[in-house]
Amino acid sequence: MSYFIQQLLNALQLGSIYALIALGYTMVYGVLGLINFAHGDIFMAGAFFGFFIAVMLKLSLVPTLLLAMFLAAVLGIAIERVAYRPLRKAPRMSLIITALGVSLFLENFTRATLGGQQRSFPKLLNVQEFALGGATVTNLQILIIVVSLVLMLLLRYVVQKTMIGKAMRAVSDNKEVLALMGISLDTVVMATFGIGSALAATAGILVGMAYPVIDPYMGIAVGWKAFIAAVLGGIGLIDGALVGGFILGFVEIFAAALLPSTYRDGIAFAILIIVLLLKPTGLLGRPVVKKV
Amino acid sequence: MSFLEVENLEVTYGAITALRDVSFSVEQGEIVTLVGANGAGKTTALRTITGMVAPSKGRVIFEGKDLLKVKAHNIVASGVTHVPEGRGMFGNLTVMENMELATWTRRKDKGQLKKDFDRVFSLFPRLAERKSQKSATLSGGEQQMLAVARALMSKGRLMLLDEPSMGLAPILVKEIFRILVDINRQGTTLLLVEQNAHMALKIAHRAYVLETGHVVMQGSAQELAKDSRIREAYLGG
Ligand SMILES: Nc1ncnc2c1ncn2[C@@H]1O[C@H](COP(=O)(O)OP(=O)(O)OP(=O)(O)O)[C@@H](O)[C@H]1O
Ligand SMILES: [Mg+2]
């Protein structure tokens, strides 16, 4: 039983991270129809922002997190402005190739300037263990889960209740009419990239604290998994990203517990393929109907 | 200088010339209608006014301001609203959310907004009953009403309407046109594009007839409704 609780917490922790990153993929897709392959690298950049803020400015956890979120938002917005916006009317393939290019650029630029070695992430939290129903829990684990959940609820509120959130949902229905309402698509896109990137940076710092090393390529595998989570839940849907993220977290943790751990990535992809065969629009996705 | 002045407009889509040397004007307080058959260029004319299409020649002046220099998303703030062809619903959003988005440029003005919502819902009681229904699930007539209600919430001084009667049963067409007259009486100038020339000429003060990108006739709506060529081409003899 205690073993089960232990794994449950691990799964929640991993699932929160996937969900936080998957939100960025799904939001950008919902607004622009673009798979932002550079999103995993923004997660990496967020971890590095956190690293340098904590090491050089010696800030504590909360200010480090907030500043890194802000810097990642600026980075995400800048990438959209420079790399994606000029291609908004270009064929989709050009946009996909550009996104892959931006991803490789971020990885290699980081490696070239900072080196490819792993760096140990500064201790932003005095990690303490305590017992919970026979399992051992750390305050870091609780922090990761709570911070993620709070941000997810906050995002849901923004998307459902605020004007910018309503505009984000409206874009995917009808870009042209948005302008007739006096709303600039660029404003909505900027908000989308900013919010998605800030969430990814949060995930980067949480992973940095938990792991606790970071490197320029840390965004690749995690980025792919989060992308899978987004597609699994139904890309373009906020709740889909949350559901997909937690499912993937659970599947990976329990697969690794039952099978040799090298199987876990293969299983993640196998699940994606099976779900998409059965339900091409993802778990929460509705079948595509065109109303005339 | 008229309220809205469109001069010598030319619009091309690749090899197709959709509008050639089109000029018309609208005075404050009027209902002006552009009538014409499929493909005459009516939609193109409206889309040019609100910055969704860039003309190759011509001018669009509203209240003395050159609208061609204004970005599409700033046209509303300049005072022109547009009920687009096909209603332009945000289908996944509720009726209320659709209307709220139309208040984007004046979202800070909470007190006034409350009054405006009340006024628009009193014009469209059917929408008031369906505030939290997703707009994609509204009937065609209800969607058309929402499209007009949404434009009203933007509070322009000039409203462009692209075939508000399209696909509606006669009784609903009557209701929509009655509401348009109401809106006009309350002070909004209307530029109405219609294939339903019969109804449009009934409520309009003046009319222009478009044929394959040209203005071929213009005059008071009453006179045009009596004109034999118009009766033959657009009013079923
Ligand atoms: N995006 C476009 N690309 C190419 N041609 C276009 C485009 N939009 C309109 N056209 C062409 O321009 C001409 C005028 O079209 P427009 O939509 O303005 O006509 P309309 O008078 O509104 O017709 P309807 O009553 O059928 O709505 C048509 O020949 C049409 O095929
Ligand atoms: Mg048309």
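Now for a description of the structure that goes with this document. (Residues numbered from 1 in each chain as written. Chains lettered and ligands numbered in written order. Predicted model: local features only at pLDDT ≥ 70, side-chain atom pairs only at ≥ 80, totals over all residues. Heavy atoms only, no water.)

## A short note on the coordination of the magnesium ion (ligand 2)
Expected angles at a metal are 109.5 degrees for tetrahedral coordination by four donors and either 90 or 180 degrees for octahedral coordination by six donors. The magnesium ion (ligand 2) binds to the protein through B:T43 (OG1) and B:E85 (OE); the donor distances cover 1.9 to 2.3 Å. In this pair, B:T43 is assigned in helix α1 (residues 42-49) and B:E85 in the loop between β6 (80-83) and α3 (95-101), connecting sequence segments 42 residues apart. (Donors = N, O, S within 2.8 Å, 3.2 Å for Na, K, Ca; no water. Helix = DSSP H or I, 4+ residues; strand = E, 2+ residues; numbered from the N terminus.)

## Here we look at the interface of chain B and chain A
Taken residue by residue, the interface counts 28 residues in chain B and 20 residues in chain A. Summed over both sides, the interface of chain B with chain A buries roughly 2100 Å², with 64% coming from carbon and sulfur. Broken down residue by residue, the surface that chain B buries against chain A is led by B:H73, B:F90 and B:W104, which jointly contribute 31%. Between chain B and chain A we count three salt bridges in total. In this structure, B:E97 and A:R169 form a salt bridge, with 2.9 Å as the shortest nitrogen-oxygen distance. The interface formed by chain B and chain A contains five residue pairs in polar contact (both at pLDDT 80 or more). (Contact = heavy atoms within 4.5 Å. Buried area = accessible area lost by both parts, 1.4 Å probe. Salt bridge = Lys/Arg side-chain N within 4 Å of Asp/Glu carboxyl O. Polar contact = N/O pair within 3.5 Å; in protein donor to acceptor, adjacent residues only side chain to side chain.)

## As for the nonpolar core
By size, the foremost hydrophobic cluster in this structure holds 144 residues, and its most contacted members are A:Y84, B:M99, B:F124 and B:L180. The contact partners of B:L180, leaving out residues within four places of it in the chain, are B:V148, B:L161, B:P164, B:L190, B:L192 and B:I203. Counting residues in each nonpolar core, the second largest holds 28 residues, with B:F24, B:V32, B:A40 and B:I49 among its members. (Core = buried A, V, L, I, M, F, W, Y, C linked by side-chain atoms within 4.5 Å. Buried < 20%, exposed > 50% of the residue type's maximum accessible area, 1.4 Å probe, protein only.)

## A closer look at the layout of surface pockets
Residue and element names in this part refer to chain A. A volume near 830 Å³ is recorded for the second largest pocket. Lining the second largest pocket are 23 residues, with R88, K89, K175, L185 and D186 positioned closest to its centre. Counting only elements with at least two residues in the lining of the second largest pocket, the list comes to α4 (92-114), α7 (175-180) and α8 (185-210). No other element matches α7, which puts four residues into the lining of the second largest pocket. (1 Å grid on protein atoms, 1.4 Å probe; cavity = no way out; pocket = protein on both sides within 12 Å on 5 of 7 lines; lining within 4 Å. Points joined across faces, edges and corners; volume = space filled by probe spheres on them.)

## Regarding the site of ligand 1
Residue and element names in this part refer to chain B. As a structural note, the neighbourhood of ligand 1 is formed by 13 residues, with N38, K42, T43, T44 and E85 the closest of them. Notes on ligand 1: free accessible area 630 Å², of which the protein chains cover 63%. Here the element with the most residues in the shell around ligand 1 is α1; it accounts for three residues. (Near = heavy atom within 4 Å. Areas by Shrake-Rupley, 256 points an atom, 1.4 Å probe, with all protein chains shown as cover.)

## Digging into the pairing of strand β4 (residues 57-62) of chain B
All names here are of chain B. Taken together, the five bridges between strand β1 (residues 4-13) and β4 define a ladder with antiparallel strand orientation. Bridge pairing in β4 places L4 opposite F62. Relative to strand β5 (residues 65-66), β4 runs antiparallel, the two sharing two bridges. What sits directly across from I61, in β5, is D66. The turn linking β4 back onto β5 is made up of two residues, and E63 within it adopts a positive phi angle of 50 degrees. (Pairing = 2+ DSSP bridges.)

## Describing helix α4 (residues 110-123) of chain B
An ideal rise of 1.5 Å per residue puts 20 Å on 14 residues; α4(B) measures up with 20 Å between its terminal C-alpha atoms. Check the buried side of α4(B) and you find it contacts α3, α5 (125-128), α6 (140-153) and α7 (170-185) of chain B. (Expected span 1.5 Å × (residues − 1).)

## Let's talk about helix α3 (residues 61-84) of chain A
Residue and element names in this part refer to chain A. Between its first and last C-alpha atoms α3 spans 33 Å; for 24 residues at 1.5 Å apiece the expected length is 34 Å, and the two agree. Where α3 is concerned, the buried positions are L61, T64, L65, A68, M69, A72, A73, G76, I79, E80, A83 and Y84. Looking at the packing, one finds that the buried side of α3 touches α2 (39-56), α4, α5 (139-161) and α8.

## Overview of the pairing of β6(B)
It is a general feature of regular strands that their side chains alternate between the two faces of the sheet. All names here are of chain B. Burial of the side chains of β6 extends over both faces: V80 and H82 are buried on one face and T81 and V83 on the other. Bridge count between β6 and strand β7 (residues 158-162): four bridges; the pairing is parallel. Paired with V83 across the bridge in β7 is L161.

## Concerning the pattern of salt bridges
This model, assessed by the stated rule, comprises 23 salt bridges over all chains. Here the salt bridges do not stand alone but share partners, grouping A:E80, A:R85, A:R88 and A:D186 into one network.

## Re the sheet that holds strand β2 (residues 16-26) of chain B
All names here are of chain B. Judged by pairing direction, the sheet is antiparallel, and its four strands sit side by side in the order β2-β1-β4-β5 without closing on themselves. Of all the strands in the sheet, the pair left with one neighbour each is β2 and β5. Relative to β2, β1 runs antiparallel, the two sharing seven bridges. Note on β2: the bridge partner recorded for E5 is S25. Lying over the sheet, α1 contacts β1, β2 and β4, oriented at roughly 115 degrees with respect to β1. (Axes fitted to C-alpha atoms, helices over the stretch in contact; angles between N-to-C directions.)

## Side note on the packing of aromatic side chains
Under the counting rule described, the total for this entry stands at 12 aromatic pairs over all chains. Between A:W224 and A:F227, the aromatic rings sit 6.0 Å apart at their centres with planes inclined by 65 degrees, giving edge-to-face as the arrangement. Here A:W224 and its partner A:F227 are both found in helix α9 (residues 218-233), three residues apart, which amounts to about one turn of the helix. Residue classification places A:W224 among the partly exposed residues on the basis of a relative accessible area of 39%. An angle of 55 degrees between the planes, with centres 5.7 Å apart, marks the rings of B:F24 and B:Y208 as tilted. (Phe/Tyr/Trp six-rings, centres within 6.5 Å; stacked < 30°, edge-to-face > 60°.)

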